[in-house]
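Residue strings, one per chain:
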Amino acid sequence: MIIDVVTLFPEMFDGPLGYSIVKRAIEKDIVEVNRVNFRQFGKGKHQRVDDTPYGGGAGMLLKPEPLFDAVDSINEREPETKKRIILMDPAGKPFNQAMAEEFSGEEHLVFLCGHYEGYDERIRSMVTDEVSLGDYVLTGGELAAMVMIDATVRLLPEVLGNADSAQTDSHSSGLLEHPHYTRPVEYRGMKVPDVLMNGNHGLIAEWRHKESLKRTFERRPDMLASYDLSDQDKKLIAEWKTEEME
Ligand code: SAM
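These figures come from a predicted structure and were not determined experimentally.

Enquirer: Help me understand the pairing of strand β5 (residues 83–94), please; the structure alone is not making it clear to me.
Expert: The side chains of a regular strand alternate, first on one face of the sheet and then on the other. Of the pairings in the sheet, the one linking β5 to strand β6 (residues 108–112) comprises five bridges and is parallel in character. By the bridge assignment for β6, I85 is matched with V110. With five bridges joining them, β5 and strand β8 (residues 129–132) adopt parallel strand pairing. Bridging across to β8, L87 finds its partner in E130.

See the structure below:
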């Protein structure tokens, strides 16, 4: 996969790209990440990338030419790849695990990071996706792009050591993940559940599924609406609802 980040602050990506799973994926050539500073396509002696809004109002807007030119330069460098051009925008579609999975199947992702008051509207005409990290306003699109890159890259084949670990992660299966325990067996009076130590894989899987379901029911009941509940799941949920009312 190729990822291009179009940004005024390429150095901000040193940290997230330089550690742990994303770093290893880059080293193993599973992903190539390029940073394109669109300041280089700014206008005039001062390479201006922003200007005042027509009609007045507070703040400066990103001009269309530097961002269009930056994307043109990526198309010139990689003319053959099929690209998703993703605009970082608090008014976009909220990012989630399903979107990360979709992105991880793409050949080339281009993240456009905004700044100042926002974009000249015409910039939207070249993008395939407008995506928000969540319902809050960040200073720039960089932190949002970093999160989306991290969530996407860890899903690429052969990036995670244990191929199963992404499948059981919270949000991948449609449920939150079950609790985990490691040594010691007892710590400050808190014991590891017996079922995890009896070696019976059927019982362990059953316990984990039940705990996932319970955690989702308690913390994120909205997720259950799109989860394919078995008859046994429905029975358990009915019991927990009755317990809640008692
Ligand atoms: N005036 C804009 C608005 O109300 O929609 C907010 C501009 S914000 C200060 C500057 C840039 O940060 C945005 O253009 C976008 O690229 C990025 N940004 C801010 N919040 C974001 C979020 N929740 N998700 C993704 N990008 C965000």
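Enquirer: I tried to follow the site of the ligand on my own but got confused; where do I start?
Expert: In the vicinity of the ligand, 20 residues are found, and the nearest of them are M88, E117, Y119, L133 and Y136. Here Y119 contributes a side-chain N or O atom positioned 2.9 Å from an oxygen atom of the ligand. Contact between the ligand and L133: a nitrogen atom at 2.9 Å from a main-chain N or O atom of the residue. Relative to its unbound accessible surface of 580 Å², the ligand loses 83% to contact with the protein. Of all the secondary-structure elements, those providing two or more residues to the shell around the ligand are β5, β7 (118–119) and β8. Class assignment for the residues of the shell around the ligand results in 10 nonpolar, eight polar and two charged.

Enquirer: How do you make sense of the sheet that holds β8 when you look at a structure like this?
Expert: The five strands are arranged β2-β1-β6-β5-β8 in an open sheet whose pairing can be described as parallel. Among the strands making up the open sheet, the edge pair consists of β2 (32–37) and β8. Adjacent strand axes in the sheet meet at a mean angle of 30° when their direction is disregarded. Here strand β1 (residues 2–7) pairs with β6 via five bridges, running parallel. Residue D4 lies in a different strand from β6, and its bridge partner there is V110.

Parameters at a glance
- Residues numbered from 1 in each chain as written.
- Predicted model: local features only at pLDDT ≥ 70, side-chain atom pairs only at ≥ 80, totals over all residues.
- Heavy atoms only, no water.
- Pairing = 2+ DSSP bridges.
- Helix = DSSP H or I, 4+ residues; strand = E, 2+ residues; numbered from the N terminus.
- Near = heavy atom within 4 Å.
- Polar contact = N/O pair within 3.5 Å; in protein donor to acceptor, adjacent residues only side chain to side chain.
- Areas by Shrake-Rupley, 256 points an atom, 1.4 Å probe, with all protein chains shown as cover.
- Nonpolar A, V, L, I, M, F, W, Y, C, P; charged D, E, K, R; others polar.
- Axes fitted to C-alpha atoms, helices over the stretch in contact; angles between N-to-C directions.

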